[in-house]
Amino acid sequence: MTDNLVIVAGGGIGGLATALTLHQIGVRCLVFEAVPDMHPLGVGINLQPNAVRELYDLGITRHELDRVGLPAKEWALVGLNGNDIYSEPRGLLAGYNWPQYAVHRGLFHMLLHDKVLERIGSEAVRLGSRVTGYHKNSDGSVSALIERADGSTSEVIGKLLIGADGIHSAVRAQMHRAQPPIHWGGAVMWRGTTWAKPIRSGSSFVGLGTHRHRIIFYPISHPNPQTGLSMINWIAEVTMDNSDGWTRGGWFRQVSGDDFIHHFQDWIWDWLDVPALIRQADRIFENPMIDRDPVPTWRDGPVVLVGDAAHAMYPTGSNGGSQAIVDARVLGAAMVEHGMTQNALASFDAKLCGPISQLILRNRGAGPFGLLNIVDERCGGTFDNIDEVIPPQERAEFMADYRAAAGFAIETLNQAPPTIPNGAHVRISRGI
Ligand SMILES: Cc1cc2nc3c(=O)[nH]c(=O)nc-3n(C[C@H](O)[C@H](O)[C@H](O)COP(=O)(O)OP(=O)(O)OC[C@H]3O[C@@H](n4cnc5c(N)ncnc54)[C@H](O)[C@@H]3O)c2cc1C
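For every chain, the first residue of the written sequence is number 1, and numbering continues from 1 along that sequence. At least 70 in pLDDT is required for a residue's local features to be given in this predicted model, at least 80 for side-chain atom pairs to be given and counted, and no such filter applies to totals for whole chains, interfaces and linings, which use all residues. Side-chain metrics rest on all non-hydrogen atoms present in the structure, leaving aside hydrogens and water.

Trainee: Any chance you could explain the overall build of the protein here in plain terms?
Mentor: Helices and strands together make up the secondary structure of the protein, namely 13 helices and 22 strands. Against the 2.2 N^0.38 benchmark of 22 Å for 432 residues, the protein shows a C-alpha radius of gyration of 22 Å, consistent with a compact globule. A separation threshold of at least 6 residues defines the contact pool for the protein, and within that pool the share at least 24 residues apart is 75%. Total accessible area computed for the protein in this model is approximately 17,700 Å², and 51% of it derives from carbon and sulfur atoms. With 36 positive and 44 negative side-chain charges, the protein shows a spacing of 6 Å between the two charge centroids. Under the scheme used here, helices are H or I runs from DSSP no shorter than 4 residues and strands are E runs no shorter than 2 residues, and both carry numbers assigned from the N terminus. With C-alpha atoms as the basis for the radius of gyration, the globule rule is written as 2.2 Å multiplied by the number of residues raised to the power 0.38. Throughout, a contact is declared for two residues whenever any of their heavy atoms are within 4.5 Å. Residue burial considers only the protein chains on display, and all accessible areas are found by Shrake-Rupley using a 1.4 Å probe. None of His or the chain ends enter the tally, which takes Lys and Arg as positive and Asp and Glu as negative. By convention, charge coordinates are those of NZ in Lys, CZ in Arg, CG in Asp, or CD in Glu.

Trainee: Help me out: how do you make sense of the environment of P392 in this one?
Mentor: For P392, the location among the structural elements is in helix α12 (residues 392-406). Sequence separation of P392 and Y86 is 306 residues, and the distance between their C-alpha atoms is 8.4 Å.

Trainee: When you look at the sheet that holds strand β12 (residues 160-163) in this model, what are you seeing that I'm missing?
Mentor: What links the strands of a sheet is backbone hydrogen bonding, and the strands pair in either a parallel or an antiparallel sense. Being paired, for any two strands, means DSSP has found at least two bridges between them. The sheet built from six strands is open, its strands ordered β8-β2-β1-β12-β22-β21 with mixed pairing. Taken across any chain shown, the strands that pair with only one partner, and hence form the sheet edges, are β8 (125-126) and β21 (299-300). By the bridge criterion, three bridges tie β12 to strand β22 (residues 303-305) in an arrangement that is parallel. Within the sheet, the bridge partner assigned to I162 lies in β22 and is V304.

Trainee: Would you explain the site of the ligand in this entry?
Mentor: The environment of the ligand is made up of 28 residues, and the closest members are G14, E33, V43, R191 and D308. Two N or O atoms form a polar contact when they lie within 3.5 Å of each other; inside protein one atom must be a possible hydrogen donor and the other a possible acceptor, and for residues adjacent in sequence the pair counts only when both atoms belong to side chains. Between the ligand and the protein, one listed contact pairs an oxygen atom with a backbone N or O atom of V43 at 2.7 Å. Within the contact set of the ligand, a nitrogen atom lies 3.3 Å away from a backbone nitrogen or oxygen of G44. When the ligand sits alone it has 920 Å² of accessible area, and the protein chains cover 82% of it. Sorting the residues of the shell around the ligand by element identifies α1 (13-24), β3 (44-47), β9 (129-136) and α8 (320-338) as the ones contributing at least two each. The classification used treats Ala, Val, Leu, Ile, Met, Phe, Trp, Tyr, Cys and Pro as nonpolar, Asp, Glu, Lys and Arg as charged, and all other residues, Gly among them, as polar. Taken together, the residues that form the shell around the ligand break down as eleven nonpolar, eleven polar and six charged. Whether a residue is near a molecule or strand is decided by its heavy atoms; if any one of them lies within 4 Å of it, the residue is near.

Trainee: Sorry, what's going on with the sheet that holds strand β7 (residues 101-104) here?
Mentor: In spatial order, the strands read β3-β7-β4; together these three strands make up an open sheet with antiparallel pairing. Two strands close off the open sheet at either side, each with one partner strand: β3 and β4 (69-71). Taking the axes of each pair of neighbouring strands and ignoring which way they run, one obtains an average angle of 20° across the sheet. Strand direction decides the pairing type here: β4 and β7, joined by three bridges, are antiparallel. Each residue of the ladder has a partner; that of L70, found in β7, is A102. Helix axes are fitted only over the stretch in contact, all axes being lines through C-alpha atoms; the angle between N-to-C directions runs from 0 to 180 degrees.

Trainee: Can you walk me through unusual backbone geometry in this structure?
Mentor: The general pattern is negative phi for most residues beyond glycine and trans for most peptide bonds. The backbone phi angle of R200 is positive, close to 50°, even though this residue is not glycine. Structurally, R200 can be placed in the loop between β13 (183-196) and β14 (204-210). For R200, a relative accessible area of 36% gives the class partly exposed. When accessible area is computed with a 1.4 Å probe and restricted to protein chains, residues below 20% of their type maximum are described as buried, those above 50% as exposed, and intermediate ones as partly exposed.

Trainee: Any chance you could explain the side chain of Q323 here in plain terms?
Mentor: On the secondary structure map, Q323 appears in helix α8. Here Q323 is in contact with H311, M313, L352 and I356, once residues within four sequence places are set aside.

Trainee: Explain the pattern of salt bridges here, please?
Mentor: Side chains carrying opposite charge are able to pair once their charged atoms draw close together. Whenever a carboxyl oxygen of Asp or Glu lies within 4 Å of a side-chain nitrogen of Lys or Arg, that contact is scored as a salt bridge. Overall, the coordinates contain 15 salt bridges when judged by the stated rule. E237 serves as the salt-bridge partner of R214, at 2.9 Å between the closest nitrogen and oxygen. With R214 in strand β15 (residues 213-219) and E237 in strand β16 (residues 230-239), this pair connects stretches of sequence that are 23 residues apart. Of the two residues, R214 and E237, neither departs from the other in class, the shared state being buried. Put simply, R364 and D293 hold a salt bridge, and the shortest N to O gap is 2.8 Å. Placement of the pair is R364 in helix α9 (residues 342-364) and D293 in the loop between β20 (284-291) and β21, with a sequence separation of 71 residues. When its relative accessible area of 26% is taken as the criterion, R364 is described as partly exposed. Through salt bridges with shared partners, one network takes in R53, E54 and R329.

Trainee: How should the nonpolar core be read in this particular structure?
Mentor: The tendency in soluble globular proteins is for nonpolar side chains to be buried as a group. Note on terminology: a nonpolar core comprises buried Ala, Val, Leu, Ile, Met, Phe, Trp, Tyr and Cys residues joined through side-chain atoms within 4.5 Å. Ranked by internal contacts, the top residues of the largest apolar core, which has 83 residues, are L47, L65, F108, L161, W298, M335 and F348. In terms of residue count, the dominant contributor to this core is α8 (nine residues). When residues no more than four places from it in sequence are discounted, the contact partners of L47 are V52, L55, L65, P99, Q100, Y101, V103, F108, S322 and I325. I182, W190, F260 and A312 belong to the second-largest nonpolar core, a separate cluster that totals 30 residues.

Trainee: Looking at this structure, how should I read the packing of α1 against α8?
Mentor: Contact geometry of α1 with α8 gives a least axis separation of 8 Å together with a crossing angle of 30°. Classified by the interaxial angle, the pair formed by α1 and α8 is roughly parallel. In the packing of α1 onto α8, the handedness of the crossing is right-handed. Judged by residue contacts, I13, G14, A17, T18, T21, L22 and Q24 of α1 engage G321, A324, I325, A328, R329, G332 and M335 from α8. The class makeup of the residues in the contact of α1 with α8 is seven nonpolar, six polar and one charged. In what follows, roughly perpendicular refers to angles from 65 to 115 degrees, roughly parallel to angles under 35, roughly antiparallel to angles over 145, and oblique to any angle outside these ranges. Here is the rule for handedness: rotate from the far helix to the near one, and if that takes an anticlockwise turn smaller than a right angle the crossing is left-handed, while a clockwise turn gives right-handed.

Here it is in C-alpha cells:
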C-alpha cells in the first residue's frame with residue numbers, strides 16, 4: 001500500500017528542498033537520511049539567483065538567509081601579480097530580481113532541516129536510515145531498501161522514489177550498474193574558514209592565480225559589528241598528476257595547513273596575505289575535485305535522481321547546491337502538471353538531464369575559471385595590461401556564454417514565470 005507516498009533518499013540540500021517542495025504542492029513524503037545526527041557540516045557554497053528565487057517561493061526569507069550567509073556583490077578574477085583580470089557585479093547589483101547568496105553550507109542545511117521539521121513534522125526525516133537500493137513492484141510502486149544504524153533492515157513502499165543521496169548515491173549505483181568510478185582530474189582542494197576583514201566590495205568572490213594553482217575566497221557571514229571581521233571561506237587548489245588515481249586517503253578529511261602551505265608561501269600582496277589566511281583557519285579539509293561522468297538518464301520507472309546523485313560536478317561554476325534546489329522545483333512543477341506519475345519523472349528527466357550533463361563537462365573544462373586558462377596560455381598568468389592579453393569584449397562574451405549555459409542568464413531568469421505557480425497543487429490519482 002503506497003498511500004501516495006514519495007520516498008526521498010538523502011536529507012542533504014537537494015533532498016530537503018525536494019521535501020519542502022512536495023509538501024508545498026500537497027504530496028506526502030518521507031526522507032531517509034544515512035547520518036544518525038544532523039550537524040552543520042561543510043564550509044561555503046553559493047546560492048545563485050535562480051536558486052534564491054526558488055527559496056523565496058518556498059517561503060524562506062531574506063532575513064533567514066542573512067542569518068546563514070550574505071548577499072554576494074562581486075565576482076572577480078585576479079592574476080598572479082595581483083592585478084584584475086575580470087570583475088562583474090553579482091546578484092541584485094548585476095540586475096537580477098533576486099540576490100546571490102554566499103552561505104555557510106552547514107548552517108543553510110540546518111535552516112532547511114528546521115523548515116522541514118516545522119512544516120511537515122518531526123517524523124519527516126528518518127535519521128540513521130541508509131537507502132541501499134530499490135525494487136520496482138509489478139503494480140508500478142517502488143520499495144526502498146533501508147538499513148538502519150543498528151544494522152536492522154526494512155522495506156518502505158512508495159509511489160515514487162527520489163534519489164537525493166549525493167555523489168556516492170546508492171540509488172544511482174543500482175540505476176546505472178556499469179557506471180565508471182568517480183572521476184578525478186588531478187586538482188586537490190584544501191578548504192577552510194578564517195575570521196578576517198572582508199576586502200573589495202565587502203562581499204566579493206575572488207579567484208586568484210592560474211587554472212592549475214589558485215586560491216578562491218569570499219565572505220560567508222556579515223561582519224561582526226564589534227570586530228568588523230567576517231567568516232571568510234577559502235579554497236586553495238593545486239592540480240597534480242592524476243595518473244595513479246587518488247591515493248592520499250578518503251574523499252574528505254581534516255588536515256593541517258602545514259601539509260600544503262608551501263604551495264602558497266609567497267602569495268603575499270599589500271591587500272592579501274594567503275599564508276596568514278591558511279595559518280589562522282579554524283579547521284581545514286582536504287578533498288580532491290571530483291565529479292561523475294554524465295549518464296543518459298536520471299530515471300528508472302518510478303525512481304529518479306536529483307542533486308549530486310544526478311549530476312555531481314566540479315564546483316568551478318559555484319552551482320552544485322543551486323542546481324540541487326532547482327531540480328527539486330522543476331520536479332515539483334512536473335508533478336503539478338502530470339500528477340504523482342512516472343510521466344512526471346520522465347518530463348523532469350527530459351527537461352534537465354541533457355543540458356545539465358553538458359554543464360558537468362563544461363565545468364570540467366574549468367567553467368568560468370576558463371578565463372584563467374586563456375590568460376595562462378597567452379602570458380603565463382602575469383601581465384601589465386590585461387586588455388592586451390584578452391580584450392574586454394572577449395572577457396564579457398566568455399562570461400555571458402557561461403551564464404547562459406548554467407541557467408542564470410539575467411533577462412531570461414527575470415522574465416521567467418515562477419517554476420511552480422503560487423498555490424499550485426498536485427492532483428492525486430491512482431494511475432502510474
Ligand atoms: C557533509 C557535506 C559537506 C559538504 N561541504 C561542502 C562544501 O563545503 N562546499 C561545497 O561546495 N559543497 C559541499 N558539499 C556538497 C554540496 O552540499 C552538494 O554538492 C550540493 O549541495 C548538492 O546537494 P545534494 O543534496 O545533492 O548532495 P549532498 O549535500 O551531498 O547530500 C546528500 C545527502 O544524502 C545522504 N546520503 C548519502 N548516501 C545515502 C544513502 N544511501 N541513503 C540515505 N542518505 C544518504 C548524505 O549523508 C547527505 O546528507 C558537502 C556535502 C556534504 C554531504
